[in-house]
Amino acid sequence: MTLLILYVLALLDGLLCGLRASMGRCPLIWKRGYYARSLLRGIVGGQIISTLALVALLAVAASSTHRDALRTDLELAAGRMLRIFIPYAALVLFNLALRLVPSTDIRSATSVLMLGPLTAIRPLVMVVGVLYGIFTSRLMETRLLGLFILALMLSLEFVLNRRAARAQAMQIRQLV
Amino acid sequence: MFASWNPAQPEITDLIIQHDPCTLERLPVRKEELVTVFSRFCNRQALRVVRALPENDGFLDARAIDALFLTVHWEMQRLSEEFYHGRRVWELLRCVIASIRQAGAREKLRIVDVGCGTGYTTRWLAANIPFADYNVEFVGMDLNSTLIAEASRLAVAERLPCQFIHGDAFSREHSGNVFLSTGVIHHFRGEALLEFLRRHDQPETQAFLHFDFHPWFLAPFGSMFFHYLRMRTAIARHDGVLSAARAYAGNTLAEAARTAAPEFASGIYGANIWNTPIPRVFQSLVGLRRALVPEFRRQLGRRALRLGDLK
């Protein structure tokens, strides 16, 4: 169950990273299709990260001499990570939901006061969440896996941004 | 506080593209002149940006600057989207149009977006407002031919019923019934602000709505944080914050409008949120022919509370 929740959160994070990387790069008025493609790219990114994490996890488990202890240790670490990630995700989703309120002031305020700062602290939340998760783990494998997943999570937005920036630069080169 | 927040200096984007005021032809810009300007203000952030701009034999590379301008304006559109700027403009414009109609005007009304850039506001209005029902035409105007070409391209791509013109919005041939602008008015400093407002007094012009940053002591901090998060180009991060620092106080704008265009009743709309002391990011300078004021207030309904003194 813990792993499933982490997987869902990774996909949600990928989805929002995809969206953020694409924002400010398309000057059309109607861009539902554009954003749908961005969300899809984000989900694919999140899926790739989850797959890589799973492969690493399976590889570590396969080569481990103390699988039961490793499993218990990993579950404990993952459970502790959720204590940081779930409130953060809930806050983000709550503020996104607030944008359904038909008030331009409330919608704008969610951007300025909440979603902006929440975006700013995303890398910090990732670092704190993973470190908090692996802080009490007894096995080196758990710690290394945690750091590997952290590196993957942090690189996702960077990679999506680079890709989007390249596409935008190419488009603009054709215009001038 | 910081040299880059000194409101006495121009923004970088004010200087890197220059036009002949008569022919509107693009003029070459010497990079060293920009360095001199920002050195005078000890603005190291601007100097870093300027020094990184591509050049040919000491002159800014026009093509690279155009590409940079487009990148920045695409990013700026994101801010307008996040602040639901199109809706905010329509909220006021709808009342202005209704007031003009109530006064007996039946002809097609020309709404001119002054300094429209890539024309987000005009395109949003054209995309979302049933223009035929209101019998209006939306026109975006700018002195920058690259931005106008881009605005036209985007309007054609989405088949939007609006047009974009490279030229002077206040010239006899292009003048409008309603002038509006976004983030433009703070670029006019001192006497230039009065001259800008003076030019609104044209026979067919009934009203103007100029949206710009609302200055208060935390605005540059908020702007810095927001631009750091949302904008990707160094030039946008610099100019965005400086814009917030250069924005005029509502009183200054209203007084300037009353002095320069006394035929209009002028005031500030939407300075604060829900009549609390919390400021909105944008406020708008509203000017109307005096005969339109009572109907305009009626059209605003409960939103009339957001309107300051209109005199």
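Residues numbered from 1 in each chain as written. Chains lettered and ligands numbered in written order. Predicted model: local features only at pLDDT ≥ 70, side-chain atom pairs only at ≥ 80, totals over all residues.

Novice: Outline the overall build of chain A, supporting the account with residue identities and numerical values.
Specialist: Helices and strands together make up the secondary structure of chain A, namely six helices and zero strands. Traced from its N-terminal end to its C-terminal end, chain A shows the element sequence α-α-α-α-α-α. When its C-alpha atoms are laid out on the principal axes, chain A stretches across 60 × 40 × 20 Å. Each of the 176 residues in chain A was classed as buried or not, and the buried ones make up 28%. (Helix = DSSP H or I, 4+ residues; strand = E, 2+ residues; numbered from the N terminus. Buried ≥ 20, exposed ≤ 12 C-beta atoms within 10 Å, placed from the backbone.)

Novice: Could you give an account of the confidence of the model for chain B, with specific residues and numbers?
Specialist: Mean pLDDT over chain B stands at 93; residues scoring 70 or higher make up 100%. Of the two predicted TM-score estimates for the complex, the pTM is 0.91 and the ipTM is 0.87. (pLDDT = per-residue confidence, 0-100.)

Novice: Requested: an account of the interface of chain B and chain A, with residues and values cited.
Specialist: On the side of chain A, 20 residues touch chain B, which itself brings 27 residues to the contact. Among the elements of the structure, helix H4 (62–82), helix H5 (85–102), helix H6 (120–128), helix H8 (145–157) and helix H10 (219–230) of chain B are those that each provide at least two residues to the side of chain B that touches chain A. At ten residues, the largest contribution of residues to the side of chain B that touches chain A is made by H4(B). Looking at the side of chain B that touches chain A residue by residue, the classes come out as twelve nonpolar, four polar and eleven charged. (Contact = placed C-beta atoms within 7 Å. Nonpolar A, V, L, I, M, F, W, Y, C, P; charged D, E, K, R; others polar.)

Novice: Tell me what's going on with the sheet that holds strand S6 (residues 136–142) of chain B, and back it up with residues and numbers.
Specialist: Residues and elements named next belong to chain B. Strand order in the open sheet made by the seven strands is S7-S6-S5-S8-S9-S11-S10, with mixed pairing throughout. What marks the edges here is a single partner per strand, and that holds for strand S7 (162–166) and strand S10 (264–269). This sheet shows a mean twist of 20° between the axes of neighbouring strands, independent of strand direction. Strand direction decides the pairing type here: strand S5 (residues 109–114) and S6, joined by six bridges, are parallel. Paired with Leu-109 across the strands is Val-136, a residue of S6. Sitting on the sheet, H8 is in contact with S6 and S7, with an inclination near 165° to S7. (Pairing = 2+ DSSP bridges. Axes fitted to C-alpha atoms, helices over the stretch in contact; angles between N-to-C directions.)

Novice: Can you explain the packing of H4(B) against H8(B)? Please cite residues and give values.
Specialist: When two helices pack together, their arrangement is captured by the angle between the axes and the distance separating the axes. All names here are of chain B. Running from N to C, H4 and H8 cross one another at 50°; their axes reach a closest spacing of 10 Å. As the angle between them shows, H4 and H8 are arranged oblique. Helix-helix and strand crossings are classified by hand; for H4 and H8 the assignment is right-handed. Across the interface between the two elements, Asp-66, Phe-69, Leu-70 and His-73 from H4 touch Thr-146, Leu-147 and Glu-150 from H8. (Parallel < 35°, antiparallel > 145°, perpendicular 65-115°, else oblique. Left-handed = near helix turned anticlockwise from the far one by under 90°.)

Novice: Could you give an account of the domain arrangement of chain B, with specific residues and numbers?
Specialist: All names here are of chain B. Examined at the domain level, chain B breaks down into domain 1 (3–70) and domain 2 (73–306). Computed over C-alpha atoms only, the centres of domain 1 and domain 2 are separated by 25 Å. Domain 1 puts 17 residues into the contact, and the matching count from domain 2 is 21 residues. Here the side of domain 1 that touches domain 2 takes four residues from H4, the largest share from any one element. (Domains from an automatic or database assignment.)

Novice: Tell me about the nonpolar core, and name the residues and values.
Specialist: Counting 89 residues, the largest nonpolar core has Leu93(B), Val96(B), Ile111(B), Val178(B), Leu209(B) and Ala257(B) as its most contacted members. Counting contributing residues per domain, this core is built from domain 1 (3–70) and domain 2 (73–306) of chain B, each supplying no fewer than three. Among residues more than four places away in sequence, those in contact with Ala257(B) are Leu197(B), Phe264(B), Ser266(B), Leu285(B) and Gly287(B). With 22 residues, the next largest nonpolar core counts Ala10(A), Cys17(A), Leu74(A) and Leu156(A) among its residues. (Core = buried A, V, L, I, M, F, W, Y, C linked by C-beta atoms within 7 Å.)

Novice: Please provide a residue-by-residue account of helix H2 (residues 32–63) of chain A, values included.
Specialist: All names here are of chain A. Between its first and last C-alpha, H2 extends 46 Å over 32 residues, near the 46 Å set by a 1.5 Å rise per residue. Buried residues of H2: Ser-38, Arg-41, Gly-42, Gly-45, Gly-46, Ile-49 and Ser-50, and no others. Where H2 is buried, its residues contact helix H1 (2–22) and helix H6 (140–175). (Expected span 1.5 Å × (residues − 1).)

Novice: Please set out the pairing of S6(B) residue by residue, giving values where relevant.
Specialist: Residues and elements named next belong to chain B. The buried count for S6 comes to six of seven residues, which makes it a mostly enclosed element. Of the pairings in the sheet, the one linking S6 to S7 comprises five bridges and is parallel in character. Bridge pairing links Phe-138 to Cys-162 in S7. As for the winding sense of the linkage, the β-α-β connection from S6 through H8 to S7 is right-handed. (Right-handed = clockwise from strand over helix to strand, strands pointing away.)

Novice: Go over the packing of helix H3 (residues 44–51) of chain B against helix H11 (residues 234–246) of chain B, please, and point to the residues and values.
Specialist: All names here are of chain B. Interaxial distance between H3 and H11 falls to 10 Å at its minimum, and their mutual angle equals 145°. For the pair H3 and H11, the sense of crossing is left-handed. Contacts between H3 and H11 involve Gln-45, Ala-46 and Val-49 on the former and, on the latter, Ala-234, Ile-235 and His-238. Residues belonging to the contact of H3 with H11 are distributed by class as follows: four nonpolar, two polar and no charged.

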